[in-house]
Every structure is written in C-alpha cells, then in structure tokens.
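# Chain and residue survey
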Amino acid sequence: MSQHSRREIIVFSAVLIVMGAGWGATQPLAKIAVSTGYKHFGLIFWQLFVGALLMAVICALRGTRLPRGRRQIGVCLMVATVGTMIPNTTSYQAAVHLPSGILSILLSMVPMWAFPIALAMKLDQFSARRFFGLLLGLCGVLLIAAPGASALNLSVFWVLIGLVSGICYGLEGNLVAKFGTAGMDPFQVLYGASLMGAVIMFPVAIASGQWIAPVEGLTREGSALVLASVIHVVVYAGYVWLVGRAGSVFAVQVSYLVTGFGVIWAKLILDEAYSAGIWGALLLMFAGMYLVQPRAKAALAPA
C-alpha cells in the first residue's frame, strides 16, 4: 500500500481539483471559439501549433529532445490522428449544434468506451461490474438523445457525433497501453504529436478555406481558442506529474471533475440551463464511470 502524508494527500487533491476545473473550462471555450463561424480545421491547426510551442518549451526546460526514429514517428502520428485531429474535428462541429455542458457530459463516456475496446484488443478481462457501468453510461446517452427525453430537443445525429471524441480517446489510451510509446515520455509524445499534427493540418486548413489568420487571435473567439490550448497543455503536464506522484488510479478520478466543472463553467460562462432529464443523465454517467474504472491495486492512504 502506498503511504502518503496528509499534507501530500491535500496537495494531490488540490491539484486534481485544479486540473478538473481547467480541463472542464475547455468545452465552453471551444463553444465560444466556434460561435462566429470559425471552422474546425483552422481551429485544430492553431490548437496544435500553440500546443507544440508550449511543449517545446517544457521539453527544453526538462532537457529532453524529440526522438526521430520510425517507431517514435509512428506513435506521434497515432496520437496526433486518434487523439487530436479526428476527435477535435467532430467535437468542434458538434459544439456548433450542442450546448457546451452536453458535450462535457458526453465526454465522460471515455472510460466506458475504453472498457469494450480493451476487451476487443485483449488487454482486459470481462467484468460484470464494469459491463453494468457501460450500460449505465449508454442509458445516460439515451436520456440525452431520445426525442422527448429532455426539454432541449437535441439532434440525435449531433449527439452521436459528440460521442466520437470519447471513443477516440478510449482507443488512443488502449493503443498506447498495447504498443507503448517507443521509449518517449508523455511530454515528448505530446510535443511530437502536436508538431506533426500542426504540419498536417496547415495545408488542410488552407486547402479547405478554413484558414484563420493570426490576427484573429486578438478576437474574443481567437483568444478563447488560445486559452483553451494553453490550459490543455498546462493541465496535461499536471496530470503527468500527478500520475507519477499519486498513481494513475487516483489521477483518473479527474474524469468526474472534468464533467462536473464542464457543466458548471457552461452555466457560469454561457448561462446554459438543463432539464431534470439532463441532470439524471449526468448522475447515470457518474455511476457508470465509478463502476467502469478499475479498482486500485495500491490505495492512497495517510501514513
């Protein structure tokens, strides 16, 4: 059993809360970014570009370089594609049609999607408890999307599109678990993925007519995108630190906070309101997350 002092537990818990608040804020910021017509390819390029710059600084401060072997390039390309370009393409489009808080609730399906993907890849064993958690999560989705189930009358199509990002993140985690990171630490992976993704998305944004000029970063929408990109990198660095200090089972609890804060920020920033059906869906999602996440092998306990 891992032994930690009460002071360490307080620090770890505070970091977890700050991480959840930060990541939760990225959904309403994304909603602001698409509010005046900015398109997904242009938004993804700048998100990756800002992320690459910040990760370059972090890696320089840590004294680590970006490996350039074939396996390393393959890992970075996978993370860029499955972890950013595909999920962000769908989530930015869904953000045009769905409330920010709904996107945060749908994103809580990540650990629930990860479970059946892990089973398919033979990385995990079947568990009745976790399967029931998956069913609860799917019931939450139905409560959001089913016609008449909520007062929002959301488009079933865009709810399904909003689920794609969570499926991608669940797939990404399992691919990393199965094939590793070719000797790179998480900061190197994110640096390489951001850099490679920015190089790919630059011509795509130009050719699609979705290019966003740098001067647009001074607008409210552009500033929201830059802020969301900075928050993502800073919180990701904090997540890696927390995993190393408190363990992955403790750190993964941030999923609850990201969803909860996402709904709170949507209310405070965008003045979104939800029906009883949506709050019921949120409770089902939380119950599903609790059941699906693996049990701790080593508890975080005071000395």
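Basis of the calculations
Residues numbered from 1 in each chain as written. Predicted model: local features only at pLDDT ≥ 70, side-chain atom pairs only at ≥ 80, totals over all residues. Heavy atoms only, no water. Helix = DSSP H or I, 4+ residues; strand = E, 2+ residues; numbered from the N terminus. Buried < 20%, exposed > 50% of the residue type's maximum accessible area, 1.4 Å probe, protein only. Contact = heavy atoms within 4.5 Å. Areas by Shrake-Rupley, 256 points an atom, 1.4 Å probe, with all protein chains shown as cover. Lys, Arg positive; Asp, Glu negative; His and termini not counted. Charge placed at Lys NZ, Arg CZ, Asp CG, Glu CD. Expected span 1.5 Å × (residues − 1). Polar contact = N/O pair within 3.5 Å; in protein donor to acceptor, adjacent residues only side chain to side chain. Core = buried A, V, L, I, M, F, W, Y, C linked by side-chain atoms within 4.5 Å. Axes fitted to C-alpha atoms, helices over the stretch in contact; angles between N-to-C directions. Parallel < 35°, antiparallel > 145°, perpendicular 65-115°, else oblique. Left-handed = near helix turned anticlockwise from the far one by under 90°. Nonpolar A, V, L, I, M, F, W, Y, C, P; charged D, E, K, R; others polar. Patch = residues over 30% accessible without salt bridge, like charges linked within 9 Å, V, L, I, M, F, W, Y side chains within 5 Å. Salt bridge = Lys/Arg side-chain N within 4 Å of Asp/Glu carboxyl O. pLDDT = per-residue confidence, 0-100. Phe/Tyr/Trp six-rings, centres within 6.5 Å; stacked < 30°, edge-to-face > 60°.

### Here we look at the overall build of the protein chain
Helices and strands together make up the secondary structure of the protein chain, namely 12 helices and 2 strands. Listing each helix as α and each strand as β along the protein chain from the N terminus yields β-α-α-α-α-α-α-α-α-α-α-α-α-β. Counting only C-alpha atoms, the protein chain reaches 50 × 50 × 40 Å along its principal axes. With 303 residues in all, the protein chain has 50% of them scored as buried. Put simply, of all contacts in the protein chain between residues at least 6 apart along the chain, 88% involve residues at least 24 apart. Surface summary for the protein chain: the accessible area is close to 14400 Å², and the carbon and sulfur share equals 69%. Averaging the coordinates of the 18 positive side-chain charges in the protein chain and doing the same for the 8 negative ones gives two points 12 Å apart.

### Description of helix α8 (residues 186–207)
The terminal C-alpha atoms of α8 lie 32 Å apart, and with 22 residues this matches the ideal 32 Å at 1.5 Å per residue to within 8%. Considered for burial, the residues of α8 that qualify are Phe-187, Gln-188, Val-189, Leu-190, Tyr-191, Gly-192, Ala-193, Ser-194, Gly-197, Ala-198, Met-201 and Ala-205. For α8, the N-terminal cap is Asp-185; the gap from its side-chain oxygen to the backbone nitrogen of Phe-187 is 3.0 Å. The positive-phi residue at the C-terminal boundary of α8 is Gly-209, with phi of around 75°.

### Describing the nonpolar core
One finds Leu-43, Leu-98, Leu-106, Ile-144 and Val-159 to be the most contacted residues of the largest nonpolar core, which totals 59 residues. Residue contributions to this core peak at 10 residues, all from helix α3 (residues 70–97). Residues in contact with Leu-43, not counting those within four places in the same chain, are Ala-33, Val-34, Tyr-38, Tyr-92, Ile-212 and Leu-225. One finds Met-19, Cys-59, Tyr-236 and Ala-251 within the second-largest nonpolar core, a separate group that totals 26 residues.

### A few points about helix α11 (residues 254–270)
Over its 17 residues, α11 runs 23 Å from end to end, which matches the ideal 24 Å to within 8%, given 1.5 Å per residue. Of the positions making up α11, those classed as buried are Val-254, Ser-255, Tyr-256, Val-258, Thr-259, Gly-260, Gly-262, Val-263 and Ala-266. Just downstream of α11 lies Asp-271, where phi reads positive at about 60°.

### Details of the packing of helix α1 (residues 6–33) against α11
The interhelical angle for the contact between α1 and α11, taken along N-to-C directions, is 45°, at an axis separation of 7 Å. In this view, α1 runs oblique relative to α11, as classed from their interaxial angle. As for the relative orientation of α1 and α11, their crossing is right-handed in sense. Contact residues: Leu-16, Ile-17, Met-19, Gly-20, Ala-21, Trp-23, Gly-24, Ala-25, Pro-28, Lys-31 and Ile-32 in α1; Val-254, Leu-257, Val-258, Phe-261, Gly-262, Trp-265, Ala-266, Ile-269 and Leu-270 in α11. Class assignment of the residues belonging to the contact of α1 with α11 gives a composition of 16 nonpolar, 3 polar and 1 charged.

### Regarding the environment of Thr-89
Positionally, Thr-89 belongs in helix α3. It is 28 Å that separates the C-alpha atoms of Thr-89 and Ser-275, two residues lying 186 residues apart in sequence. Discounting residues that sit within four places of it in the chain, Thr-89 has contacts with His-40, Phe-41, Ile-44 and Thr-84.

### Remarks on a nonpolar patch on the surface
Together, Phe-126, Phe-131, Phe-132, Leu-135 and Leu-138 give the surface a local cluster of nonpolar side chains, amounting to about 470 Å² of exposed area. By the secondary structure assignment, Leu-135 is in helix α6 (residues 128–145). Judged by its relative accessible area of 35%, Leu-135 falls in the partly exposed class.

### Focus on the confidence of the model for the protein chain
In the predicted model, the protein chain carries a mean pLDDT of 88, and 93% of its residues have values of at least 70. At the level of individual helices and strands, the protein chain shows its lowest average pLDDT in strand β2 (residues 300–302), which scores 39, and its highest in α8, which scores 95. Overall, residues 297–303 carries pLDDT values under 50, and its contacts beyond four positions in sequence, including any with other chains, amount to 21 contacts.

### Considering the packing of helix α5 (residues 110–120) against helix α7 (residues 156–179)
Two numbers describe how α5 lies on α7: the axes approach to 8 Å, and their chain directions differ by 50°. Considered as vectors, α5 and α7 are oriented oblique to each other. Crossing of α5 against α7: the hand is right-handed. Listed contacts from α7 to Val-110, Trp-113, Ala-114, Ile-117 and Ala-118 of α5 are Leu-163, Gly-166, Ile-167, Tyr-169, Gly-170, Leu-171 and Asn-174. Class assignment for the residues of the contact of α5 with α7 results in 9 nonpolar, 3 polar and no charged.

### Description of the packing of aromatic side chains
Using the criterion set out here, one finds 13 aromatic pairs in the structure. On the numbers, 5.4 Å between centres and 50° between planes, the contact of Phe-45 with Trp-211 is tilted. In this pair, Phe-45 is assigned in helix α2 (residues 40–62) and Trp-211 in the loop between α8 and α9 (220–246), connecting sequence segments 166 residues apart. The class of Phe-45 is buried, set by a relative accessible area of 6%. Judged by centre distance (5.4 Å) and plane angle (85°), the rings of Trp-46 and Phe-49 are edge-to-face. Of the two residues, Trp-46 and Phe-49 are both situated in helix α2; the distance of 3 residues between them amounts to about one turn of the helix.

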